[in-house]
Amino acid sequence: MQTVELERTEEFGLMEYITEFMLDMGVPAHLKGYHYLRTAILLAEEDMEVVGSVTKLLYPEIAKRFKTTEQKVERAIRNAIEVSWARGNADTFEDLFGYSFLTGNSRPTNSEYIAQIADRIRLEVG
């Protein structure tokens, strides 16, 4: 019983950390893609293999959890990333990706975005 409580506490702490990170990246919390993206990052942090197969593993799992379609998940995540790319903290993007909206580069793909954030969180939270 105590192990379950500890796991929930650790997962809550991780979710809180991911939320703060996403807000710094400029992802608006009112978008559906925000919730899908947060779940995607949490799943990728647990198992980076899902990022290698977003269409076969990640999107179907998120769609199942939120009772929607894989296509809607992909589109909502893409939209959330597009919005954050235009509005987010350029320094955070520079630090994470090596480029930002200000340098004129195109935004990262869904899987690049998810993988980079999940990897950074793995390194920082441990």
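For the structure, see preceding data.
Residues numbered from 1 in each chain as written. Predicted model: local features only at pLDDT ≥ 70, side-chain atom pairs only at ≥ 80, totals over all residues. Heavy atoms only, no water.

### Side note on the overall build of the chain
Under the convention used in this document: Runs of E in the DSSP output that reach at least two residues are strands. Runs of H or I that reach at least four are helices, and both are numbered from the N terminus. For each residue, the accessible area found with a 1.4 Å probe, counting protein chains only, is set against the maximum for its type, and the residue is called buried under 20%, exposed over 50%, and partly exposed in between. Throughout, a residue-residue contact means that at least one pair of heavy atoms, one from each residue, lies within 4.5 Å. Each accessible area value is a Shrake-Rupley result obtained with a 1.4 Å probe; residue values ignore everything except the protein chains displayed when judging cover.
When helices and strands are counted, the chain shows six helices and zero strands. Counting only residues that meet the buried cut, the chain has 43% of its 126 residues in that class. In the chain, the share of contacts with a sequence separation of at least 24, taken over all contacts with a separation of at least 6, comes to 58%. For the chain, the exposed area adds up to about 7,300 Å²; of that, 50% sits on carbon and sulfur atoms.

### Quick look at the packing of aromatic side chains
Formally: Two rings from Phe, Tyr or Trp (for Trp, the six-membered ring) form a pair when their centres are within 6.5 Å of each other. A pair whose planes differ by under 30 degrees is stacked, one over 60 is edge-to-face, and the rest are tilted.
Under the definition given, this model contains eight aromatic pairs. Between Phe 93 and Tyr 113, the aromatic rings sit 6.3 Å apart at their centres with planes inclined by 45°, giving tilted as the arrangement. Placement of Phe 93 in helix H5 (residues 90-97) and of Tyr 113 in helix H6 (residues 110-125) is noted, with a sequence separation of 20 residues between them. One exposure class covers both Phe 93 and Tyr 113, and it is buried.

### Topic: the side chain of Glu 45
Its place among the elements puts Glu 45 in helix H2 (residues 32-46). Apart from the residues lying within four places of it in its own chain, the contact partners of Glu 45 are Leu 14, Ala 118, Ile 121 and Arg 122.

### Structural notes on the pattern of salt bridges
We count it as follows: Here, a salt bridge means any side-chain nitrogen of Lys or Arg that lies within 4 Å of a carboxyl oxygen of Asp or Glu.
Scanning all chains against the criterion turns up six salt bridges. Note that Glu 124 is salt-bridged to Arg 120, the shortest N-O span being 3.9 Å. Separated by four residues within a single helix, Glu 124 and Arg 120 lie in helix H6, roughly one turn from each other. A residue is classified by how much of its surface remains accessible, and Glu 124, at 44% relative accessible area, is partly exposed.

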